[in-house]
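Results of the structural survey
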Amino acid sequence: MNPTLLGFIKKELIQAVRDPRMKFILFVTPIIQMTLFGVAISNEVKNIRLAAFFDSKDTVLRDVYERSIAGGWFVPARVSGEDPFTLIQAGKADAVLVPPPGGFTRAVGRGDAQLQLLTDATNVLQAQAVENYLQSILRQTVRDDLRIIPPDPPIRFDVRVLFNPSLESSIFMVPGVMSMLMLMTTMILTNIAIVREKEIGTFEMLISAPVSRSEVIFGKTLPYVVIGMSNLPLILLVAVFVFRVPMRGSFLVLVGASFAFVCTTVAIGTLISTFCQNQQQASMAGFLFMFPAMMFSGLFFPIENIPAGIRWLATLDPLAHYLGLLRNILLKGGDAQYVGTHVTILAVMAVVSVIASFRRFRTTLQ
Amino acid sequence: MIRSFVWSRASAVARKEVFHILRDPFTLAFALVLPVVMILIYGTAIDFNVEGVALSVSDEDQSQSSRRLIDTFASSHYFFVQGAGSPAGADRDVTAERARAGLIIPPRFEKDLLAGRGAQAQVLLDGADNSTVGPVAGYLDSIQTIASKRIANFDPPQPYELRTRFLFNPELNSRWFVIPGLTVVVMAILSILLTALTVAREWENGSMELLLSTPVQPLEIIVGKLAPYAVLGILALLFVYVIARAVFGVPFVGNLAVFGLGCVLFLGTYLAQGLLISVVTRKQQIAMQFAFLSGLLPSNLLSGFIFPVTSMPVFFQYFTMILPARWFMTIARDTYLKGSRFLDMGGAFLALTFFCVAMILAATRRFKRDLEP
């Protein structure tokens, strides 16, 4: 290997980890964050505060309420004979069940019962979950208590959830958090490392030194590819051993896909740095890139729903490709065609960014 | 060294900071334009009501009933039907991400149906994609009911009915849900970034030493540095508010003054947090790392923006209390959509006030300590 380049990489690596706080940021915080977010966030809605208005004779509704609490999704709301709307508005309950006059039990006997559910829909996802939960609890309670067994529908679906049959939240979330952490470290580091030298003027010195432009660019960026890749085993260990995320695909394919991703983020970081004059700008530009990248990654909301006019934003998002790759390789074993396509897309992005950075450097240097 | 706080000195620091901002149009544009652009893009893009899910269908029955079942899926708008040669083909399509769900109709489907034995079709869901699997599973119930009615004329009387009233967002509009929350997330990280580098930059280029040799007090520096950015932040929030109301039609039923108070406290807290990072790290590179670590992921994932705090494990329901974004998330959603009274949100306001004061004091104290050799 070119000795100039090697020296460059060595210097850059030493400089990056010289500050003990930087070592902490690079090698400890990813593990902490993985654990934190993996445990904390889930798609399942729980601890919904439920209130129900029923009198002593309304046995079915009382049973619905008690089963809801016992089932674990709901907790009792502390209420005292208030108007259901104000209860929810004042934030004392998330959902309230209101029976028809005379009680729900008698109304079902008459055959035209309407049970009203009021629910706080400021969180749309939670509101839908509440309705689904109560619907199924209600069906079971009526069946068990009143022996009203509705006939089975003639067409039934046998639903199989592939790859994550028990819908374990951490199995969804952990690959998402993994991809975000890989993005954050590499992107910020590369971007700021270059801009810092520009700001304090050492970059000018480099240019006047007898090194070629490609030596400067690769010397400044390859170390961050190394650092980014050194993060992979750390967070992968947490994913597999702490969160029991299955590792169904080949480890080598995963390393290859991650390498492509890290190269892409480092290359984009380099390209962004050519537009920034100081570190303040670099940090904002980093945010400008990373926040949309996270939003369009597919972890927060389905990419399928994005209107066609701005769908291209998601296609340009390296994080979306990497999250897709992680899920495909870890959970589905890795489909050769899918992995091939998306690794190629990442590689193309990396190459385009590198070429663009070269051009930018040439114009800014003259 | 207890000397009194002098406004003129604080305002001199503020004036200098204003010049600094004005000289760097990039920062100015970033602070004012970025939130607006983000709200416009995500307001358009984000929709939780999944539609057009690619469904890979393997029809081994090839009967009138099976075709009508497929048609029921297709006409629901929830699904986009594509053919798979065999049951294994449907499975492969889901594995290779060519489809999000599979439908396998077995050869005896119509026979079973006509014989009254009840016909079963298998549905495969992609458990690797959290954002679609839940909603799609929810649609299946209603498709089962509709298909039974259309194909087999099955429409039994229902002895009861659950009537749901979705309060504050009756049509379950994703935008109403997302935009107030998105404002909180964007402004949180933006505020930290605006201030995180300012003091660190002055340490690095030596102008801080200069500032310290003047009679300016730490609190005056902190307040002077915060004020201009707070004005920027309030302007940005105002723009976002106008867009949320005018472009996306998000209702605002609460008290605007209450919301405004929340905005000021929230901005103050995060701007001060940025300053604290700056004072502690003294190096822009590390300040930036800390800013992203403490701002980007926590405010996105732990504030209740999309994943409700109440659904988290008990430890995290308490742990997230140290996140100002969590409290402002409550205030933003409740004032926009619910019209909650100030007293109903007392806890959130108390917490925000506490964090705002605590952050400013912490930054000042740290600063003082740094001055002594």
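Quick caveat: nothing in here was measured; it's all calculated off a predicted structure.

Okay, the overall build of chain B next. Scanning chain B from terminus to terminus reveals 14 helices and five strands. For 373 residues, the compact-globule formula gives about 21 Å, and the C-alpha radius of gyration of chain B, at 28 Å, lies well above that figure. Counting only C-alpha atoms and orienting by the principal axes, one finds that chain B spans roughly 95 × 45 × 40 Å. Classification of the 373 residues of chain B by burial places 51% in the buried group. Partitioning the contacts of chain B with sequence separation of at least 6, the portion at a separation of at least 24 is 80%.

It is worth spelling out helix α3 (residues 64-75) of chain B at this point. The terminal C-alpha atoms of α3 of chain B, which comprises 12 residues, lie 16 Å apart, in line with the 16 Å expected from a rise of 1.5 Å per residue. Downstream of α3 of chain B by a residue or two, H77 of chain B has a phi angle that is positive, lying close to 70°.

Here we come to the interface of chain B and chain A. Interfaces are often described in size by the accessible area the parts lose on coming together. Across the contact, 95 residues belong to chain B and 97 residues belong to chain A. For the side of chain B that touches chain A, the secondary-structure elements that each account for two or more residues are α2 (25-45), α4 (87-95), β4 (119-126), α6 (130-152), β5 (160-167), α7 (174-205), α11 (284-301) and α13 (324-338) of chain B. At 14 residues, α6 of chain B tops the list of elements feeding residues into the side of chain B that touches chain A. Counted by class, the side of chain B that touches chain A contains 56 nonpolar, 27 polar and 12 charged residues.

Next up on the list: the domain arrangement of chain B. Taken domain by domain, chain B holds domain 1 (7-46 + 172-371) and domain 2 (53-152). On a C-alpha basis, the centres of domain 1 of chain B and domain 2 of chain B stand 48 Å from each other.

Moving on, we come to the domain arrangement of chain A. When cut into domains, chain A gives domain 1 (14-41 + 167-365) and domain 2 (48-146). Taken over C-alpha atoms, the centre of domain 1 of chain A sits 47 Å from the centre of domain 2 of chain A.

Residues and elements named next belong to chain A. With their axes 9 Å apart at the nearest point, helix α9 (residues 213-242) and helix α10 (residues 251-273) run at an angle of 140° to one another. In this view, α9 runs oblique relative to α10, as classed from their interaxial angle. Seen along the crossing, α9 lies across α10 with a hand that is right-handed. Of α10, the residues touching α9 (which contributes I217, T221, Y224, V225, G228, M229 and L232) are S258, F259, V262, C263, V266 and T270. Across the contact of α9 with α10, the residue classes tally to nine nonpolar, four polar and no charged.

Relative to the assigned elements, K46 of chain A resides in the loop between α2 (20-40) and β1 (48-52). Take K46 of chain A: there are 16 C-beta atoms within 10 Å of it, and that puts it in the partly exposed class. A C-alpha to C-alpha distance of 9.2 Å links K46 of chain A and V130 of chain A, two positions 84 residues apart in sequence. Apart from residues no more than four positions distant in its own chain, K46 of chain A is found in contact with W73 of chain A together with T310 and S311 of chain B.

Let us look at the confidence of the model for chain B. All names here are of chain B. In this model, chain B carries a mean pLDDT of 88, and residues with pLDDT of at least 70 account for 98%. Least confident of the elements in chain B is helix α8 (residues 207-212), whose mean pLDDT is 80; most confident is strand β3 (residues 101-105), at 94. Both scores are available for the predicted complex, with the pTM at 0.88 and the ipTM at 0.86.

Let us look at the packing of helix α7 (residues 169-200) of chain A against α11 of chain B. It is the contact of α7 of chain A with α11 of chain B, at a shortest axis distance of 10 Å, that shows an interaxial angle of 155°. In this view, α7 of chain A runs roughly antiparallel relative to α11 of chain B, as classed from their interaxial angle. In terms of crossing hand, the pair formed by α7 of chain A and α11 of chain B is right-handed. Residue-level contacts link M180, M184, I188, I192 and R196 of chain A of α7 of chain A to Q285, M288, Q289, F292 and L297 of chain B of α11 of chain B. In the contact of α7 of chain A with α11 of chain B, the residues fall into seven nonpolar, two polar and one charged.

The strand order β5(A)-β4(B)-β3(B)-β1(B)-β2(B) describes an open sheet built from five strands, whose pairing is mixed. Single-partner strands in this sheet number two, and they are β5 (155-162) of chain A together with β2 (79-83) of chain B. Neighbour-to-neighbour, the strand axes of this sheet turn through a mean angle of 25°, independent of strand direction. Here four bridges tie β3 of chain B to β4 of chain B, and the two strands are oriented antiparallel to one another. Looking at the pairing, L103 of chain B lines up with V123 of chain B of β4 of chain B. Against the sheet, α3 of chain B engages β5 of chain A together with β1 (53-59), β2, β3 and β4 of chain B, with an angle of about 140° to β2 of chain B. Each of β5 of chain A together with β1, β3 and β4 of chain B touches α4 of chain B; the most contacted strand, β1 of chain B, lies at about 165° to it.

What counts, and where the lines are drawn
- Residues numbered from 1 in each chain as written.
- Chains lettered and ligands numbered in written order.
- Predicted model: local features only at pLDDT ≥ 70, side-chain atom pairs only at ≥ 80, totals over all residues.
- Helix = DSSP H or I, 4+ residues; strand = E, 2+ residues; numbered from the N terminus.
- Rg over C-alpha atoms; globule rule 2.2 N^0.38 Å.
- Buried ≥ 20, exposed ≤ 12 C-beta atoms within 10 Å, placed from the backbone.
- Contact = placed C-beta atoms within 7 Å.
- Expected span 1.5 Å × (residues − 1).
- Nonpolar A, V, L, I, M, F, W, Y, C, P; charged D, E, K, R; others polar.
- Domains from an automatic or database assignment.
- Axes fitted to C-alpha atoms, helices over the stretch in contact; angles between N-to-C directions.
- Parallel < 35°, antiparallel > 145°, perpendicular 65-115°, else oblique.
- Left-handed = near helix turned anticlockwise from the far one by under 90°.
- pLDDT = per-residue confidence, 0-100.
- Pairing = 2+ DSSP bridges.

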